[in-house]
Amino acid sequence: MIPDIINNLAQNYIYFISIILFLIGLWGIIINDNLLKKLLCLGIFQNAILLFFVAQSKIKNGIVPMIKFEDNITYSNPVPQVLMLTAIVVALATLSVGISMIFKIKKNYNTLSYKKIKEIEAGIYQ
Amino acid sequence: MIKLKEINIFRKISMNYIFISIIFCSCFAFFFNLKIDNNEYISYFLGGWEAPNGIEFRIYFPDKLIACFLSFIAFFTFIFSGFFRKTAQYMAINILFLISFIGYLGMIISADLFNIYVFLEIASIATYSLLGYSNKRANFSAFEYLIIGSIAACFYLLGIGIIYMYTGSLNIFDILSRINFDNINIKIASLFIIIGFFIKFAAFPMHIWMRNCYIFADHRIVAFMSGISSKVFLYLLYKFSNNLFADLDINIALNFISILSLIYFSIRIFKNNNFKEFLVISSFININYILIIISYLPKELGTDFKILFIQIINHGFNKASLFLLSNNLDKYLKLSKWLNKISMAPIIIAIILLLSLAGFPLFPGFTSKFYLFSYLITKNAWISLFAISLASLAVFIKVINLINSLLPIILEREVKIGEIISIVGFTIILIITAIGEFLLVS
């Protein structure tokens, strides 16, 4: 039983790393008060999923998917890697829009604390 | 350096370009309407790669109706927001508007899961910037939406990652031939995808972003968003529950959530004084009506779709027009001293739309409610029926309160002939729509 689990862990350790990163990101988004830290955790959260996809594409003893015109070569699956290229660009765009918003928030409220901004807003709008 | 004249020319060109492209989209959608019959579909391959390998656009009978509706709402809001001409950076806003519109259209017609993700992000990123530009409060609430919207998109991506792992394909119709729903991991993947959609269309526990964004953002953008955004994700949920999750039993969960939220919102609606907040909460209520319809529709794409479609178009059109008028109405309700200077036509049209929202006979809102009730009675869904009637009653009481506060202002003033013509024209259009919907279903 236990050797099985260890064996499983050793073979699929990359998925566990991605799950841990995923949870760190989600946890960070929920508990952090600073908006910039929230955004950084969002980046970690997105990267965990990129790692999850790229880990799928790796085949044991598989090489980089570039055609070599030789027999008996195993290639890794290129599709998830290509998909993740798109996802990286999308994540980058989201983060840059977020950072520009944070820049404006800092200018308007002179703070980046979520609680303080909420307090200021509650004072104005009620 | 570009001279000021050239900038003005660019502005004119961009505006005309966007105007023409939206008209073209509407025409194409209408063309689809003529071309596709009930069980047929049109399929497009991109880049010369056929379906399982390449990206495929597949347009079925319900897709064309929703695409037509989306282009109509975009056209409508774009014209009646005055081409966003009074805003400071209106060129950028026009372009972002078009990009988000393309994203929402693409999500509906694409048959590739990853392609849907890309369109989702295109639409979302444009929407974050559109919602955040007007003032500092809008900027902050758009940031909140950015965080929670990205989490939703990531959940969706994780779901399709797991599905790709177990099936080796991203094309929905190719996946259907390979998927095995007894596998627990596939169930978890579907759960991730559904949670992503739930956040995006603001289902009950995840609805707070929508309230903040819709109240504080520019009302013209909100009109576009409320007409299109949540409807697209609801429609995607419907589409997926018919093909991808057809063997999963999600109906009970959908029903449970929508009944809970209807009861919550029918109490919550009385705790506000702001006109926009009333509109947002009534949006939540209507989203849950649609969710209840989705949970009772048979799992076959297109059967009994008309009931869902009528609910979507009536609510989308009604909310888009009410949000376009909402800025004026807030002023009426707060500052009555300005009243002598402003025209009375918008306020009367808003009253007519509010009556339609409450389900007053002769108007489209009545048609959709009538078919909703009669459909649920045929399905023996008494608990859902109770929740819906509770929420309808709450909206009705609130609408009567609102009209009561608006009526004295109207009665004091004389209405001009031009205003009367526009009001009568608008009412006739609404009545014709209602009659047309009656003919469509029966």
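The notes below deal with the structure included here. None of the values given here were measured: they were computed from a predicted structure.

## Remarks on the interface of chain B and chain A
Phase 1 of the analysis: Tallying the contact residues gives 31 residues for chain B and 37 residues for chain A.
Phase 2 of the analysis: Interface area for chain B against chain A, summed over the two sides, is near 3100 Å², with a carbon-plus-sulfur share of 79%.
Phase 3 of the analysis: Counting the surface chain B buries against chain A, the share from its top three residues, Lys136(B), Phe140(B) and Phe143(B), is 20%.
Phase 4 of the analysis: For Arg137(B), the salt bridge is made with Glu121(A), and the minimal N-O distance between the two is 3.0 Å.
Phase 5 of the analysis: Applying the counting criterion to the chain B and chain A interface returns five residue pairs in polar contact (both at pLDDT 80 or more).

## Comments concerning the pattern of salt bridges
Proximity of charged atoms lets side chains of opposite charge pair with each other.
Phase 1 of the analysis: For the structure on display, the rule yields eight salt bridges over all chains.
Phase 2 of the analysis: Between Glu277(B) and Arg268(B) there is a salt bridge; the shortest N-O distance is 3.0 Å.

## Examining a nonpolar patch on the surface
Residues and elements named next belong to chain A.
Phase 1 of the analysis: The grouping of Met1, Ile2, Ile5, Ile6, Leu9, Phe16, Ile19 and Leu23 at the surface amounts to a nonpolar patch, some 830 Å² of accessible area in total.
Phase 2 of the analysis: Looking at the nonpolar patch, the elements that each hand over two or more residues are helix H1 (2-11) and helix H2 (13-31).
Phase 3 of the analysis: Considering every element that reaches the nonpolar patch, the biggest residue donor is H1, with four residues.
Phase 4 of the analysis: Tracing the chain through its elements places Ile2 in helix H1.

## Brief notes about the packing of aromatic side chains
All names here are of chain B.
Phase 1 of the analysis: If you walk through the whole model with that rule in mind, you get 39 aromatic pairs over all chains.
Phase 2 of the analysis: Ring centres of Phe97 and Phe224 lie 4.3 Å apart, and the angle between their planes is 40°; this geometry places the pair in the tilted category. Separated by 127 residues along the polypeptide, Phe97 in helix H3 (residues 90-109) and Phe224 in helix H9 (residues 219-242) bring together distant segments of the chain.
Phase 3 of the analysis: Taking the relative accessible area as the measure of exposure, Phe97 reaches 0% and is therefore buried.
Phase 4 of the analysis: Residue classification places Phe224 among the buried residues on the basis of a relative accessible area of 1%.
Phase 5 of the analysis: Three or more aromatic residues link up through ring pairs in this structure, and these residues are Tyr104, Tyr156, Phe197, Phe233, Phe240 and Phe245.

The rules behind each value
Residues numbered from 1 in each chain as written. Chains lettered and ligands numbered in written order. Predicted model: local features only at pLDDT ≥ 70, side-chain atom pairs only at ≥ 80, totals over all residues. Heavy atoms only, no water. Contact = heavy atoms within 4.5 Å. Buried area = accessible area lost by both parts, 1.4 Å probe. Salt bridge = Lys/Arg side-chain N within 4 Å of Asp/Glu carboxyl O. Polar contact = N/O pair within 3.5 Å; in protein donor to acceptor, adjacent residues only side chain to side chain. Patch = residues over 30% accessible without salt bridge, like charges linked within 9 Å, V, L, I, M, F, W, Y side chains within 5 Å. Areas by Shrake-Rupley, 256 points an atom, 1.4 Å probe, with all protein chains shown as cover. Helix = DSSP H or I, 4+ residues; strand = E, 2+ residues; numbered from the N terminus. Phe/Tyr/Trp six-rings, centres within 6.5 Å; stacked < 30°, edge-to-face > 60°. Buried < 20%, exposed > 50% of the residue type's maximum accessible area, 1.4 Å probe, protein only.

Note that all results are geometric; they support no functional claim without further evidence.
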